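Okay, here's what each chain looks like letter by letter:
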Amino acid sequence: DGGITQSPKYLFRKEGQNVTLSCEQNLNHDAMYWYRQDPGQGLRLIYYSQIVNDFQKGDIAEGYSVSREKKESFPLTVTSAQKNPTAFYLCASSTTQPRSYNSPLHFGNGTRLTVT
Amino acid sequence: QQQVKQSPQSLIVQKGGISIINCAYENTAFDYFPWYQQFPGKGPALLIAIRPDVSEKKEGRFTISFNKSAKQFSLHIMDSQPGDSATYFCAASLIRLVFGKGTKLTVNP
């Protein structure tokens, strides 16, 4: 079955440590996205990539970094510079920009990161 | 102008009732308005979507009503069921999707 795999489902880290969240898709989608979800805050875009080896900052990119070396993979690193890293992180993909019925966003099931 | 305002934040409905979630936007350039449904511990999934040249779209028990002049759109869930209990997000797209803050719907049996 095609889809998006995020791993691990739960991740615990000590403050000051960088941590990398994995996102893999086998949908052959060009575009991939990282969102952060906090209670009552909706979904906020961290980074997105429309093509391999290229990515753009979203609305809350500070303290995060990404890479897009392969079409299937878009890992997110939460650095120690992120002030409030504890959150639910969602990876998504689409064929192109999700502006039509033919290219909706497909989400993974998320990684819940807890930093103490 | 890039915001999408969603209300209410939470909603409790009895089984068989109608659930209504409202969203408003400012940017008239938005050209695609989807709704996503999210169950606890899962990622959101596309539920239904509408273009601004259509005033209503219905898929089963789910209907989007779109009022272009008022810059508002809403999701109606008819005959709400306990299995509909989830968080619903409206969104609007120009270059990329902008999401509302979500509505937690609880349907009591």
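For the structure itself, consult the block above.
Residues numbered from 1 in each chain as written. Chains lettered and ligands numbered in written order. Predicted model: local features only at pLDDT ≥ 70, side-chain atom pairs only at ≥ 80, totals over all residues. Heavy atoms only, no water.

Honestly, the side chain of A:Arg68 in this entry has me stumped. Any pointers?
Residue and element names in this part refer to chain A. Relative to the assigned elements, Arg-68 resides in the loop between strand 7 (64-66) and strand 8 (76-78). In this structure Arg-68 is buried but unpaired, with Asp-30 as the nearest side chain of opposite charge at 6.1 Å. There is a polar contact of 2.9 Å between the side chain of Arg-68 and the backbone oxygen of Asp-30. (Helix = DSSP H or I, 4+ residues; strand = E, 2+ residues; numbered from the N terminus. Buried < 20%, exposed > 50% of the residue type's maximum accessible area, 1.4 Å probe, protein only. Lys, Arg positive; Asp, Glu negative; His and termini not counted. Salt bridge = Lys/Arg side-chain N within 4 Å of Asp/Glu carboxyl O. Polar contact = N/O pair within 3.5 Å; in protein donor to acceptor, adjacent residues only side chain to side chain.)

When you look at the pattern of salt bridges in this model, what are you seeing that I'm missing?
Once the charged atoms of two side chains with opposite charge are near each other, the side chains can pair. All names here are of chain B. Using the criterion set out here, one finds eight salt bridges over all chains in the structure. Between Glu-26 and Lys-71 there is a salt bridge whose closest N-O contact spans 3.5 Å. Of this pair, Glu-26 sits in the loop between strand 3 (19-25) and strand 4 (33-38) while Lys-71 sits in the loop between strand 7 (62-67) and strand 8 (72-77), and the two are 45 residues apart along the sequence. According to the relative accessible area criterion, Lys-71 is partly exposed, its value standing at 22%. Where Arg-51 meets Asp-53, a salt bridge forms, and the shortest distance between an N and an O atom there is 3.9 Å. The partly exposed category is assigned to Arg-51, whose relative accessible area is 40%. When its relative accessible area of 63% is taken as the criterion, Asp-53 is described as exposed.

Explanation requested: the interface of chain B and chain A in the structure shown.
Residue-level contacts link 23 residues of chain B with 24 residues of chain A. Of the charged contacts, one joins A:Asp59 and B:Arg96 as a salt bridge, the two residues approaching to 2.7 Å between their closest N and O atoms. In this assembly, chain B and chain A are joined by five residue pairs in polar contact (both at pLDDT 80 or more). Of the residues in the side of chain B that touches chain A, the class split is 11 nonpolar, six polar and six charged. (Contact = heavy atoms within 4.5 Å. Nonpolar A, V, L, I, M, F, W, Y, C, P; charged D, E, K, R; others polar.)

I tried to follow the sheet that holds strand 1 (residues 4-7) of chain A on my own but got confused; where do I start?
The strands that make up a sheet pair up through hydrogen bonds in the backbone, lying either parallel or antiparallel. All names here are of chain A. Taking strand neighbours across the sheet as the criterion, the four strands line up as 1-3-8-7 in an open arrangement whose pairing is antiparallel. One side of each edge strand has no neighbouring strand; the edge strands of this open sheet are strand 1 and strand 7. Taking each pair of neighbouring strands and ignoring which way they run, the sheet shows an average axis angle of 20 degrees. Relative to strand 3 (residues 19-25), strand 1 is paired through four bridges, and the arrangement is antiparallel. Bridged to Ser-7 within strand 3 is Ser-22. (Pairing = 2+ DSSP bridges. Axes fitted to C-alpha atoms, helices over the stretch in contact; angles between N-to-C directions.)

How should the packing of aromatic side chains be read in this particular structure?
For any pair of aromatic rings, the description consists of the separation of the ring centres together with the inter-plane angle of the planes. If you walk through the whole model with that rule in mind, you get 19 aromatic pairs over all chains. Between B:Tyr25 and B:Phe30, the ring centres sit 6.1 Å apart and the planes meet at 65 degrees, which makes this aromatic pair edge-to-face. The two residues B:Tyr25 and B:Phe30 agree in class, both being buried. Through successive ring pairs, a cluster of aromatic residues spans A:Tyr33, A:Tyr35, A:Tyr48, A:Phe107, B:Tyr36, B:Phe89 and B:Phe99. (Phe/Tyr/Trp six-rings, centres within 6.5 Å; stacked < 30°, edge-to-face > 60°.)

I keep staring at the layout of surface pockets and nothing clicks. Help me out?
The method is simple in principle: a probe with the dimensions of a water molecule rolls over the atoms, and the space it marks as empty is what remains. In this model, the largest pocket occupies a volume close to 490 Å³. Forming the walls of the largest pocket are 23 residues, and the residues nearest its centre are A:Gln37, A:Pro39, B:Gln38, B:Thr87 and B:Lys104. Secondary-structure elements contributing two or more residues to the lining of the largest pocket are strand 4 (31-38) and strand 9 (87-94) of chain A together with strand 9 (86-93) and strand 11 (103-108) of chain B. Grouping the amino acids of the lining of the largest pocket by side-chain chemistry returns eight nonpolar, 11 polar and four charged. A volume near 400 Å³ is recorded for the second largest pocket. Together, 19 residues line the second largest pocket, and A:Leu43, A:Arg44, B:Gln3, B:Val98 and B:Phe99 are the ones closest to its centre. Those elements that place two or more of their residues in the lining of the second largest pocket are strand 5 (42-51) of chain A together with strand 1 (4-7) and strand 10 (97-99) of chain B. (1 Å grid on protein atoms, 1.4 Å probe; cavity = no way out; pocket = protein on both sides within 12 Å on 5 of 7 lines; lining within 4 Å. Points joined across faces, edges and corners; volume = space filled by probe spheres on them.)

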